[in-house]
Amino acid sequence: MAGEEPIVVEICMGTTCYVMGSAQLAGIAERLPEAWRPRVSVKGMRCEGSCQQEDRLGRAPFVRVAGKLIAEADEGKVLSAIREALGETR
Amino acid sequence: MAIPMISEADRLRREVLAYVIKAVKAGTYEDIDRIPIKMRPKGKPFSRCCIYKDRAALRYRCMSALGFRVEDETDELKTLKSYAEDTETHPPASDPFLTIFPDACSACMESQIMVTNMCRGCLARPCTNICPRHAIQVRNGRAMIAHDLCVNCGKCAEVCRYHAIIQVPLACADACPVGAIGKTDDGRVTVDHEKCIRCGKCIKACPFAAIMQSNQVAHVVRAIAKGKPVIALVAPAINGFFPTEPGKLYAALKQIGFAEVHEVAKGGDDTAIHEAAEWAERKAHGAPFMTTSCCPAWIECVERHLPEMKPYVSDTPTPMGYAEMRAKKARPDALTVFIGPCMAKRTEAHKHGGPDYVITAEELGAWLMAENIQLDDLQPIAPEVAGTHYGAEFAVSGGVANAVAHYLPEGTPKPTVFKINGLNKKNVALLRVFAKTKKAPADIIEVMVCPGGCVGGPCAIAPAEDAAKVIQKRRPEGFEA
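Since this is a predicted model, take the numbers as computed values, not measurements.

Trainee: Can you help me understand the overall build of chain A in this one?
Mentor: Tallying secondary structure elements over chain A gives two helices and four strands in all. When the helices and strands of chain A are placed in sequence order, the string is β-α-β-β-β-α. Taken over the C-alpha trace, chain A has a radius of gyration of 13 Å; the compact-globule value for 90 residues is 12 Å, and the two agree within 12%. Looking at chain A residue by residue over its 90 residues, the buried ones come to 36%. At a minimum sequence separation of 6, the contacts of chain A that also span at least 24 residues come to 65%.

What follows is the structure, given as structure tokens:
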């Protein structure tokens with residue numbers, strides 16, 4: 001699918017997100033299935049202040065997949081969001 | 001490669017620390033009593049049997065975050081506010097820093113080999129053939145293990161073609177390298193502090209987070225708030241944990257109130273220089289080998305379990321020891337705070353009468369969370385005391401031996417090195433053999449109790465492999481490894 005825009009995965013590298021789990025998610029690009037890699041672009045993002053809303057730091061880490069913000073992000077949530085964005089059923 | 005994971009227990013602990021630090025800094029101690037309710041609000045999901053048990057566990061987590069041990073509780077109605085007030089007048093809990101909340105312990109089964117319902121009582125019976133103790137017999141169409149004969153070797157589990165035999169672990173006891181973990185009559189965890197080497201592996205291993213440590217960060221926050229000059233002694237591993245250059249982290253330390261920032265890597269250089277000279281001298285006197293001395297959990301292991309190893313352990317002070325001496329000499333009026341990924345450093349500091357406090361990478365991370373500091377926004381600064389990259393690589397397995405080799409006095413042949421990269425029951429036995437036979441496979445035995453080195457410490461916040469890579473990427477030109 002040449003010319004297709006890749007799915008963008010942005011991992012918040014702000015302090016709260018990093019301490020609450022982004023440090024473990026940061027290397028997720030290397031763990032993606034081979035077939036997904038050319039279609040997914042993983043990068044870091046700056047703190048947007050999401051962690052300071054709703055009075056619970058435990059909502060961090062935040063990851064945005066194809067424009068959709070995920071709270072309490074973990075490996076499983078991020079992978080399912082990518083799968084959905086890629087339009088794969090399973 | 002294993003997927004790096006952060007556990008919910010780690011996340012809860014860090015969140016608690018951040019709220020406690022925020023409240024201590026602001027002096028709004030009454031907020032601390034609300035933390036359990038804030039984190040487990042009415043009508044929202046909970047993790048244990050009910051919301052109230054979660055809140056009770058969180059209350060004890062707050063107590064340990066404030067620097068006190070659960071075992072020291074005398075009045076169950078004492079408020080967390082009152083414990084916070086105690087930080088102004090009472091020092092934090094002393095060694096042992098491990099503290100247990102027994103009601104959080106799930107009283108897990110003893111580690112054992114178990115035959116599950118998947119067993120089909122097959123004809124081949126590899127389990128009975130492989131068992132070195134003849135502990136397995138097939139009766140009524142199913143393999144049975146005689147537990148009085150079984151030595152938990154796990155060979156039967158390996159050979160079963162149906163995966164019908166499983167090795168059920170006891171997480172805390174399996175993680176302990178020295179057998180310090182036992183059980184009460186009702187099956188809950190106990191720690192024999194005479195045997196415990198303070199490594200903190202059980203804290204990470206317990207899936208119920210029933211084993212905790214008493215922190216010291218609240219006392220440090222208080223000291224800074226009172227206007228005392230406080231010097232941060234930053235362990236080299238710390239610079240592998242944050243997604244930023246060291247200079248920005250040092251700027252953050254200044255912003256949260258530290259008067260000076262000293263790289264413990266400088267102490268690492270001191271240790272390596274002295275240890276290199278020590279080895280040259282020992283070698284000249286015919287010593288068969290020498291072990292490194294910088295890992296405090298290793299030192300505890302020698303004292304408590306391997307007295308025969310004592311003559312072979314280097315006498316050189318640790319990087320933290322040298323950093324502390326330098327800081328106190330330059331500013332006798334200042335308080336010193338070691339910041340690292342290690343729990344045993346608290347015990348080392350306690351035994352040597354300094355540094356004044358030890359906080360962990362996790363406590364620092366929570367502190368930066370509490371102050372909402374974005375490291376990338378800061379202007380990098382130089383530390384008051386800086387080390388070389390040889391000192392910085394003390395944080396990574398192999399780095400200590402490498403630094404010692406680098407600083408060898410002229411004419412000393414390069415020593416061979418044997419690395420203990422993560423202490424466990426097996427290599428403790430191996431080390432005992434080295435000491436007893438006065439023979440080792442190399443000149444220098446580098447012992448790091450944590451896998452990967454200090455970067456794999458129990459209070460680290462990034463995966464050990466990533467932290468090691470970050471540190472090694474900063475190798476200057478001409479660095480010899």
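Now that the structure is up, let's keep going.
Trainee: So what exactly am I meant to see when it comes to the pairing of strand β3 (residues 136–139) of chain B here?
Mentor: Look at any regular strand and the pattern is simple: side chains alternate between the two faces of the sheet. All names here are of chain B. Where β3 lies against strand β4 (residues 142–145), four bridges are found, and the strand directions are antiparallel. Each bridged residue has a counterpart across the sheet, and for R139 the counterpart in β4 is R142. The loop that links β3 with its antiparallel partner β4 comprises two residues; one of these, N140, has a positive phi angle of about 50 degrees.

Trainee: Would you explain the sheet that holds strand β3 (residues 63–65) of chain A in this entry?
Mentor: Pairing between the strands of a sheet is mediated by backbone hydrogen bonds and can be parallel or antiparallel. Residue and element names in this part refer to chain A. Taken in spatial order, the four strands make up an open sheet running β2-β1-β3-β4, and their pairing is mixed. Two strands close off the open sheet at either side, each with one partner strand: β2 (40–45) and β4 (68–70). Recorded for the sheet is a direction-independent mean angle of 20 degrees between the axes of neighbouring strands. Two strands pair when backbone bridges link them, and β3 and β4 are joined in this way by three bridges, in the antiparallel orientation.

Trainee: I keep staring at the confidence of the model for chain B and nothing clicks. Help me out?
Mentor: In regions of low pLDDT, the predicted coordinates are not meant to be interpreted in detail. Per-residue pLDDT for chain B averages 96, and the proportion of residues at 70 or more is 100%. Listed scores for the predicted complex are pTM 0.95 and ipTM 0.95.

Trainee: Help me understand the pairing of strand β1 (residues 7–12) of chain A, please; the structure alone is not making it clear to me.
Mentor: Residues and elements named next belong to chain A. Where β1 meets β2, six bridges bridge the pair, whose relative direction is parallel. The partner of E10 across the bridge, within β2, is K43. Of the crossover connections in this fold, the one passing from β1 over helix α1 (residues 15–25) to the parallel β2 is right-handed.

Trainee: Could you clarify how one ought to interpret the nonpolar core in this entry?
Mentor: Nonpolar side chains in soluble globular proteins generally cluster together in the buried interior. Residue and element names in this part refer to chain B. If you look at the biggest cluster of nonpolar residues, it comprises 169 residues, and the most contacted ones within it are V20, I21, L233 and V337. The biggest single contributor to this core is helix α1 (residues 8–26), with eight residues. Counting 11 residues, the second-largest nonpolar core is a separate cluster that includes I136, A143, C156 and C160.

Trainee: I tried to follow the domain arrangement of chain B on my own but got confused; where do I start?
Mentor: Buried accessible area, meaning the area lost when the parts come together, often serves as the stated size of an interface. When cut into domains, chain B gives domain 1 (18–90), domain 2 (91–107 + 172–214), domain 3 (112–168) and domain 4 (228–473). Inter-centroid distance (C-alpha atoms) of domain 2 of chain B to domain 3 of chain B is 31 Å.

Trainee: Looking at this structure, how should I read the sheet that holds strand β15 (residues 444–448) of chain B?
Mentor: All names here are of chain B. Judged by pairing direction, the sheet is parallel, and its three strands sit side by side in the order β11-β15-β14 without closing on themselves. Here the strands that pair on one side only, and so sit at the sheet edges, are β11 (290–291) and β14 (417–421). Relative to β15, β14 is paired through five bridges, and the arrangement is parallel. Counterpart to V417 in the pairing with β15 is I444. Strand contacts of helix α17 (residues 399–406): β14 and β15, with the helix running at about 145 degrees to β15, the strand carrying the most contacts.

Trainee: Help me understand the environment of B:P355, please; the structure alone is not making it clear to me.
Mentor: Residues and elements named next belong to chain B. Looking at the element boundaries, P355 is found in the loop between α14 (344–352) and β13 (357–360). Taking C-alpha positions, P355 is 8.0 Å from G321, a pair spaced 34 residues apart along the chain. Setting aside residues no more than four positions away along its own chain, P355 makes contact with L233, M320, E324, T336, V337, F338 and A349.

Criteria and cut-off values
Residues numbered from 1 in each chain as written. Chains lettered and ligands numbered in written order. Predicted model: local features only at pLDDT ≥ 70, side-chain atom pairs only at ≥ 80, totals over all residues. Helix = DSSP H or I, 4+ residues; strand = E, 2+ residues; numbered from the N terminus. Rg over C-alpha atoms; globule rule 2.2 N^0.38 Å. Buried ≥ 20, exposed ≤ 12 C-beta atoms within 10 Å, placed from the backbone. Contact = placed C-beta atoms within 7 Å. Pairing = 2+ DSSP bridges. Axes fitted to C-alpha atoms, helices over the stretch in contact; angles between N-to-C directions. pLDDT = per-residue confidence, 0-100. Right-handed = clockwise from strand over helix to strand, strands pointing away. Core = buried A, V, L, I, M, F, W, Y, C linked by C-beta atoms within 7 Å. Domains from an automatic or database assignment.

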